[in-house]
Each structure stands twice: as C-alpha cells, then as structure tokens.
Amino acid sequence: AAKKEPAAVAEEVPPFALLDVRVGKIVEAWAHPDSDKLWCERIDVGEEEPREIASGLRAYYPTADLLEGRSVLVVCNLKEAKLAGFKSNGMVLCASNEDKSDVKFVDPPADSQPGERVVCEGMVAEPATSNQMKKKNGKTTNGTKANVQDRKQEMMANISSKVSAAADAAEAALMEWQTHARA
C-alpha cells in the first residue's frame, strides 16, 4: 500500500482578512421606532439595492443629517441579525476612545466609491461567507478562535498609528514651512 503524504499545512489567514469590508454611503437614516439607541440606515455598498443596517449610535450622532450622505466602512458578510425587531444586514465600523465616551465612524479614503472592498496590507484573502462567520460567546468569529473585535482593534491601532505618523509629518512640514517663511 502506498504511504499517505501528510496533509499540507494550510497557511493561516488573519481573521480580519476574511471580513468583507466595503465602502458604503448612507443614503437614508431614521430613528428606530422602538429603541432610543438605534439608527436604522439604508447604505449603498455597491449592490443592486442599499442594505438596511441598524447601528447603536444615536448617543454619538443625535440627528439623521449627521449620517445621511456620509461614507462609512461596512462589514458585509455577517448573517442577518434582528436588532429590536429590525433586520440588520451588516455592521458599520466605528472607533472609540478607551472609555467609549466618544465613538466615530471609521472613514474610508476620500476618493473611494461605494462597493469597493477595503483590506489591510498583508491581510488579503477571499472573504468568508456569512455562513462561515460564527457567533461564539456573543462575538463574531471566523472559526479560528480569534474574534472580529480583536482584529478590528488591531486594524484601528494600525490606522491610528498611520494617522499619527501622517499628523507628525504634517506638523514637521508646517514647522519647516514656517521656518522658511520667516527667512
């Protein structure tokens, strides 16, 4: 009998890479009729029809006009969830300070269009299907035991460091310009 070769070890895919994060544009927002915390939104993510998504952001964005027309990042490969009876088909990405007293949308690049997939450098893979995304202890995972929240925090730290570096570079350029302007 022929000896079986050991199965090839699959290269581990970072959990964030399996998320289908796309640029979206909020085309309509209204207060959830049964919840003080939720906004109901229709978000264009480049599909035939905008998705309906519920977001617990009313404490941070008190009026619909602060949402409508805004570009956001949307996790599109989550299973439909009912939030206070509203069928939500995705999740907008936000960042907060440590005590969560301030929560803001994560803005996509200014020139991006609805439907464009957003990936992190070194974390590119085919996104998982909504059926492959699992709930474990109330948190979404992709089956690799690392939860999406951890990856989101990792991504936010990466984005934060890039923004910080850009701000430092802009400040240095401004100081250099001011030095030259005085000369």
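Refer to the structure presented above.
Visitor: I'd love a proper account of the overall build of the protein, names of residues and values included.
Guide: Helix and strand counts for the protein stand at one helix and eleven strands. Secondary structure of the protein in N-to-C order comes out as β-β-β-β-β-β-β-β-β-β-β-α. For the protein, the residues scored as buried account for 34% of the 183 residues in total. Here the analysis covers contacts within the protein between residues at least 6 apart in sequence; of these, 59% occur between residues at least 24 apart. Put simply, the protein shows about 11900 Å² of open surface, and 51% of that area lies on carbon and sulfur atoms.

Visitor: Talk me through the sheet that holds strand β3 (residues 51-55); I want residue IDs and the actual numbers.
Guide: The antiparallel open sheet is built from five strands, whose spatial order is β3-β2-β1-β4-β7. Two strands lie at the open edges of the sheet, namely β3 and β7 (91-92), each paired on one side alone. As defined by bridge partners, strand β1 (residues 21-31) adjoins strand β4 (residues 71-75) across five bridges and the pair is classed as antiparallel. Note on β4: the bridge partner recorded for Val-23 is Leu-73.

Visitor: Explain the environment of Gly-24 to me, and be specific about the residues and the numbers.
Guide: Tracing the backbone through its elements, the reader meets Gly-24 in strand β1. Taking C-alpha positions, Gly-24 is 8.7 Å from Pro-108, a pair spaced 84 residues apart along the chain. Other than its neighbours up to four places away in sequence, Gly-24 contacts Ile-43, Asp-44, Val-45, Arg-70, Ser-71, Val-72 and Val-74.

Visitor: Any chance you could break down the environment of Cys-40 for me, citing the residues and the numbers?
Guide: Here Cys-40 lies in strand β2 (residues 39-44). Separated by 15 residues in the primary sequence, Cys-40 and Ser-55 have C-alpha atoms spaced 6.6 Å apart. What Cys-40 contacts, discounting residues up to four positions off in sequence, is Glu-28, Ala-29, Trp-30, His-32, Ile-53 and Phe-86.

Visitor: I'd like a description of the nonpolar core, backed by residues and values.
Guide: Nonpolar side chains in soluble globular proteins tend to be buried together. Grouped together as the largest cluster of nonpolar side chains are 17 residues, with contacts concentrated most on Ile-43, Leu-57, Val-74, Val-92 and Phe-105. Counting residues per element, the ones that place at least two in this core are β1, β2, β4 and β9 (103-105). With residues near it in sequence (within four places) discarded, Ile-43 still touches Gly-24, Lys-25, Ile-26, Pro-50, Arg-51, Ile-53, Val-72, Val-74 and Val-92.

Visitor: Give me the lowdown on the pattern of salt bridges, citing residues and values where you can.
Guide: Under the criterion given, the structure shown has seven salt bridges. In this structure, the salt-bridge partner of Glu-28 is Arg-42, at a minimum N-O distance of 3.7 Å. Here Glu-28, found in strand β1, pairs with Arg-42, found in strand β2; they are 14 residues apart in sequence, far enough to count as distant. We note a salt bridge from Asp-107 to Arg-70, for which the minimum N-O separation is 4.0 Å. Here Arg-70 lies in the loop between β3 and β4 and Asp-107 lies in the loop between β9 and β10 (134-136), a separation of 37 residues in the sequence. Judged by its relative accessible area of 51%, Asp-107 falls in the exposed class. Here the salt bridges share partners, and the residues they tie into one network are Asp-20, Arg-22, Glu-47 and Arg-51.

What counts as what
Every chain begins its residue count from 1, and numbering advances along the sequence as written. The predicted nature of this model means local features are confined to residues of pLDDT at least 70 and side-chain atom pairs, given and counted, to a pLDDT of 80 or more, with totals for whole chains, interfaces and linings taken over all residues. Side-chain metrics in this entry use all non-hydrogen atoms of the structure; hydrogen atoms and water are not considered. Secondary structure elements are defined from DSSP: runs of H or I of at least 4 residues count as helices, runs of E of at least 2 residues count as strands, and each element is numbered from the N terminus. We call a residue buried when its accessible area falls under 20% of the maximum for its residue type, exposed when it is over 50%, and partly exposed in between, using a 1.4 Å probe and counting protein chains only. Contacts between residues were defined by any pair of non-hydrogen atoms, one from each residue, lying within 4.5 Å. Only the protein chains shown count as cover for residues, and all accessible areas are computed by the Shrake-Rupley method using a 1.4 Å probe. In this analysis, strands are considered paired if DSSP registers two or more bridges between them. We call a set of buried residues a nonpolar core when its members are Ala, Val, Leu, Ile, Met, Phe, Trp, Tyr or Cys and they connect through side-chain atoms within 4.5 Å of each other. Salt bridge criterion: a side-chain nitrogen from Lys or Arg within 4 Å of a carboxyl oxygen from Asp or Glu.

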